[in-house]
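What the coordinates show
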Amino acid sequence: MTDPSPATERAPGQPAAPPPGGLPGRRYDPSALEGRWYALWRGRGYFHPPAGEGPDPYTIVIPPPNVTGVLHMGHALNTTLQDVLVRQRRMAGHRALYLPGTDHAGIATQNVVERELADEGLSRDDLGREAFVDRVWAWREKYGDEIYDQLMQLGISCDWERARFTMDPGLSRAVREVFVRLYDDGLVYRGKYIIHWCPRCGTALSDEEAEKHDTTGRLYYVRYPVHGGIHVVVATTRPETMLGDTGVAVHPDDPRFRDLVGRTAVLPLVGRALPIVADDFVDPQFGTGAVKVTPAHDPNDFWIGERHGLERVNVLNPDATMNEAAGRFAGLDRFEARRQIVAALEEEGYLEKVEDHAHAVGRCYRCGTVVEPYLSDQWFVRMKPLAEPALAAARDGTLRFTPQRWTKVYEHWLENVRDWCISRQIWWGHRIPVWTCGRGHVFAAREDPDRCPECGSAELQQETDVLDTWFSAWLWPFSTLGWPDETEDLATFYPTQTLVTGAEILFFWVARMVMAGYYCTGRCPFTDVVIHGTVRDERGRRMSKSLGNGIDPREVIAEHGADALRFTLVTAAPTGTDLQLAPDHFIAGRNFANKLWNAARFVFLNVPESFAPSPPEKARPEDAGTDGAGADRETAGDEQEAVDRWILHRLDETTRAVDASLAAFRIGDAAGAIYSFLWHDYCDWYIEWCKAGLDRPHGDRTRSVLLTGLERSLRLLHPFMPFITEEIWQALPAPLRAAESIMIEEWPGPAGWDYPEEAGRVALMQEIIGRARNLRAEYGVPPGRRAPLIVAAAEPKAREELARHAADIARLAGASETRVVPDTPRGDGTVVQVVRGGIEVAVRLADLVDVDKERERLTSEIRRTEALLGSTRHKLADREFIARAPDEVVERERRKAVDLEGALERLNDLVAALEPR
């Protein structure tokens, strides 16, 4: 075997020498070859396309995993789908760049390092900002590239020489550049507004980072006294925030409260006067129709307060304890304050009732803490102006989504986009490049300033907040290529072509990248966005650490190999649809690798090392409309020739199907087409036919077809299973290998092997053999028992063609011989199956089994099936079962009933066929 180490010396373009004697070892052992081939590919620079003049580029940027991350099934699916596209385009002649990198993950990474400090009895405040950031950098240098090693194990063909990190100097400069541009254009501003606040992480979160979780909570109905001896009842899910109420609101058209508008209520427990206002935002159907207004603790209340000039009273500290504005409840945790406030309301006669209430509660996407709507000073980006070109791109077809349904979701979000809170109250990240001088002048700068540009003051204070992690990520497609400089990489590889991602970051990342692309470069950063589904467990639950239901890709690779993992993921993931996985699902990928390995061994064992394959001829125009064999060919009587042409025809059909599926980003369909061809057509049928055909007069032609079919199939399969395809391909005869690696070999387009008539005749033989096999299986014929197979065809020409293939039909159907006759004999225990076109298949069952015992076995099976069907029908007729059982359980029982009905019908047909006629 060729030494696949990076240090291998070989003249440029010189192909790798094939290993003597075909494949090493009888069994496929992925651990023995995957690392070696990856080292060779990387060492020879196959992953590193040159910039500048050359073939058309094809670029994919990896959705950067968090620097804290380890490879999980979501990463494995996402990167495998991308790698399939990149490897195929590379073979198709493009300069394919798969650009990797990691995200600094501000909140997550800071949390990791703070936990380390806590184990040492320290906090970040003990270190101070500068020393803490140095500590995080040290952690990143030690652990930050671990996920790269795991992606390499998966066979991902990233250009590691171009790997980027969002805190790299170049990318940090890009962040400053775009911030200053936005600031100068009036698109960045600082304002006091309600944001999502995580008390645990001590920072603001974006709308998307405050993940909504359905929760059953409580709805508290509280009486607010109104001057004049009456009261108004309001409902709230957060009694602790009522201490910050500054108004009560009702709908202007609600007749129940018309007389109260303009009057004043009194805040229980506090005594604050609350104006009662009318506002269209109020939902008359919620609670009592009257709502308390807490402008500092609810985003909707904030705007009601703005419209009606209500005071803003903040009653919470940043750590979610009550502050001094909470009066006697100051210092309490928010949830303890809730308990005590409810008790006080009840004790003082203000609490009317409490009801269970289902609602969505925001939680921090990192630590799971319940977030608080919190009034604070934050930095924002005005999104409406940026959204306009991004929206137009989707509408005019510049930007395409697969599946297409995501276009409307994307458009809806942009049509209703809100300003983006970009400031975070942490230390790890890109510090906001804004300074305030001693005289109060505020300015943004690309470089750290020495003096105020307005007054010259040297007394400068930089903003302490850092930017949201996504602020660097939205620049990813072009900052990674050198923007804002006009680099050769940027000129060559931008815009990129395809983005592959999950739906959960459609707004976090995808939409923002489109906005940034237009704002910074004037171009859409990619043409196609491919949305894949979510990886779930076999019960349909999302895989997560908290549930403990994840499958570690590294363990799968260790047990089954990277190719098995890749192929299983791709075939299990229809475009845009969630996939459910269990650990044993990866056995299918390993079995496919074994099947391919064994097929290759058969080929190499039956093809001499010195054999020089001849390329199969393309179909000729004069073949059309004839018997498909060509009237002037010397080999017209060779029965193997039809089979040779059939497999070439199927290979061309498969190639076209793969090309069409990949062009439409139906990557799972492409993999399925190759699987079907290799497993069923090539291995199960063609190789079995070849076992006799190799000894016939034109055996060398069949050997050439065997090799050609294998070699082209390996190229089709390579993007999906790169390691095993390289190993087998390198063992092929040198004339079949134009390049030094399959990875840079030409992608196999259709070769013009169009033989529909031969394909039709072989398909008929396959159906005949399949029906014969079914008869044996259905009647429990032991594998070693042989009897004649009768094939009846009324047409003489059909009988002539079938007789030519009689020996192969008998061999593959497990029969002692094939008798081709005009009519099917009836009676005497002969069972018949109709094929098509007036052709029937029959066997005399008495020659194979004891008919009486078989009738008894089938009758027993009928009784068992009837009992199962009766039990299932009884369960489905039980109204209590239908009402109480989960929908999926009921549906499973219904499918079971349908299956049992079909099985029962088939069993009765089998028994009937045994009866004398």
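Residues numbered from 1 in each chain as written. Predicted model: local features only at pLDDT ≥ 70, side-chain atom pairs only at ≥ 80, totals over all residues. Heavy atoms only, no water.

**Some thoughts on the overall build of the chain**
- On a plain count of helices and strands, the chain comes out with 28 helices and 29 strands.
- In terms of overall dimensions, the chain has C-alpha extents of about 105 × 75 × 55 Å along its principal axes.
- Burial status across the chain gives 54% buried among its 917 residues.
- The long-range fraction of contacts in the chain, counting pairs at least 24 apart against all pairs at least 6 apart in sequence, stands at 77%.
- Entry remark: accessible area of the chain is about 39400 Å², with carbon and sulfur atoms responsible for 49%. (Helix = DSSP H or I, 4+ residues; strand = E, 2+ residues; numbered from the N terminus. Buried < 20%, exposed > 50% of the residue type's maximum accessible area, 1.4 Å probe, protein only. Contact = heavy atoms within 4.5 Å. Areas by Shrake-Rupley, 256 points an atom, 1.4 Å probe, with all protein chains shown as cover.)

**Here's the deal with helix α28 (residues 887-914)**
- The end-to-end C-alpha separation of α28 is 42 Å, in line with the 40 Å expected for 28 residues at 1.5 Å each.
- What α28 keeps buried is the set Val890, Glu893, Ala897, Leu900, Leu904, Leu907, Leu910, Val911, Ala913 and Leu914.
- Contact partners of the buried residues in α28: α23 (756-778), β28 (830-834), α26 (851-877) and α27 (879-884). (Expected span 1.5 Å × (residues − 1).)

**Describing the sheet that holds strand β6 (residues 203-205)**
- The sheet built from four strands is open, its strands ordered β6-β5-β14-β16 with antiparallel pairing. What marks the edges here is a single partner per strand, and that holds for β6 and β16 (420-421).
- Direction of pairing for strand β5 (residues 188-198) relative to strand β14 (residues 372-381): antiparallel, over a ladder of ten bridges. In the sheet register, Trp197 faces β14, and the bridge partner there is Glu372. (Pairing = 2+ DSSP bridges.)

**A few points about the sheet that holds strand β27 (residues 818-821)**
- Strand order in this open sheet of four strands is β27-β26-β29-β28, and the pairing throughout is mixed. The outermost strands of the open sheet, each flanked by one partner alone, are β27 and β28. Strand-to-strand twist in this sheet, taken as the mean axis angle between neighbours without regard to direction, amounts to 25°.
- In this structure, β28 lies alongside strand β29 (residues 840-844), joined through five bridges in antiparallel fashion. Bridge assignment links Gln833 to a residue of β29, and that residue is Val841. (Axes fitted to C-alpha atoms, helices over the stretch in contact; angles between N-to-C directions.)

**Brief notes about the packing of aromatic side chains**
- Applying the stated criterion across every chain yields a total of 37 aromatic pairs.
- Pairing Trp420 with Phe471 gives two aromatic rings, centres 5.9 Å apart and planes at 40°, and the pair type is tilted. Highlighted residues: Trp420 in strand β16 and Phe471 in helix α12 (residues 469-473), separated in sequence by 51 residues. Of the two residues, Trp420 and Phe471, both sit in the buried class.
- Geometrically, the ring pair formed by Trp646 and Trp689 is edge-to-face, given 6.0 Å between the ring centres and 65° between the ring planes. (Phe/Tyr/Trp six-rings, centres within 6.5 Å; stacked < 30°, edge-to-face > 60°.)

**Remarks on the nonpolar core**
- Formed by 142 residues in total, the largest nonpolar core has its most connected members in Met73, Tyr682, Phe720 and Tyr779.
- Element by element, the count of residues in this core is highest for helix α20 (residues 667-693), at 15 residues.
- Those residues in contact with Tyr682 that sit more than four places away from it in its chain are Val603, Ile647, Phe677, Ile687, Leu706, Gly709 and Leu710.
- Counting 62 residues, the second largest nonpolar core, distinct from the first, contains Leu99, Leu391, Leu399 and Met513. (Core = buried A, V, L, I, M, F, W, Y, C linked by side-chain atoms within 4.5 Å.)

**Focus on the side chain of Glu711**
- Take Glu711: it is sitting in helix α21 (residues 699-717).
- Given a relative accessible area of 4%, Glu711 falls into the buried group.
- One polar contact links Glu711 to Trp729, side chain to side chain, over a distance of 3.0 Å.
- Look past the residues within four positions of Glu711 in its chain and what remains in contact with it is Trp729, Leu732, Leu736 and Glu745. (Polar contact = N/O pair within 3.5 Å; in protein donor to acceptor, adjacent residues only side chain to side chain.)

**So, the pattern of salt bridges**
- Following the criterion strictly, the structure yields 59 salt bridges and no others.
- With its nearest N and O atoms 3.1 Å apart, the salt bridge here joins Lys353 to Glu355.
- Linked through salt bridges whose partners overlap, the residues forming this network are Asp83, Arg87 and Arg566. (Salt bridge = Lys/Arg side-chain N within 4 Å of Asp/Glu carboxyl O.)

**Describing the pairing of β14**
- Counting buried positions along β14 gives nine out of ten residues, so the element sits mostly inside the fold.
- Pairing geometry for β14 and β16, over two bridges, is antiparallel. Counted as the bridge partner of Val381 is Trp420 from β16.

**Observations regarding the confidence of the model for the chain**
- Confidence in the prediction for the chain averages 89 pLDDT; 94% of positions are at 70 or higher.
- Scored below 50 in pLDDT, residues 1-21 makes 38 contacts in the model with residues more than four places away or belonging to other chains.
- This model gives residues 624-637 a pLDDT under 50, and the stretch forms 20 contacts once residues within four places in sequence are excluded. (pLDDT = per-residue confidence, 0-100.)

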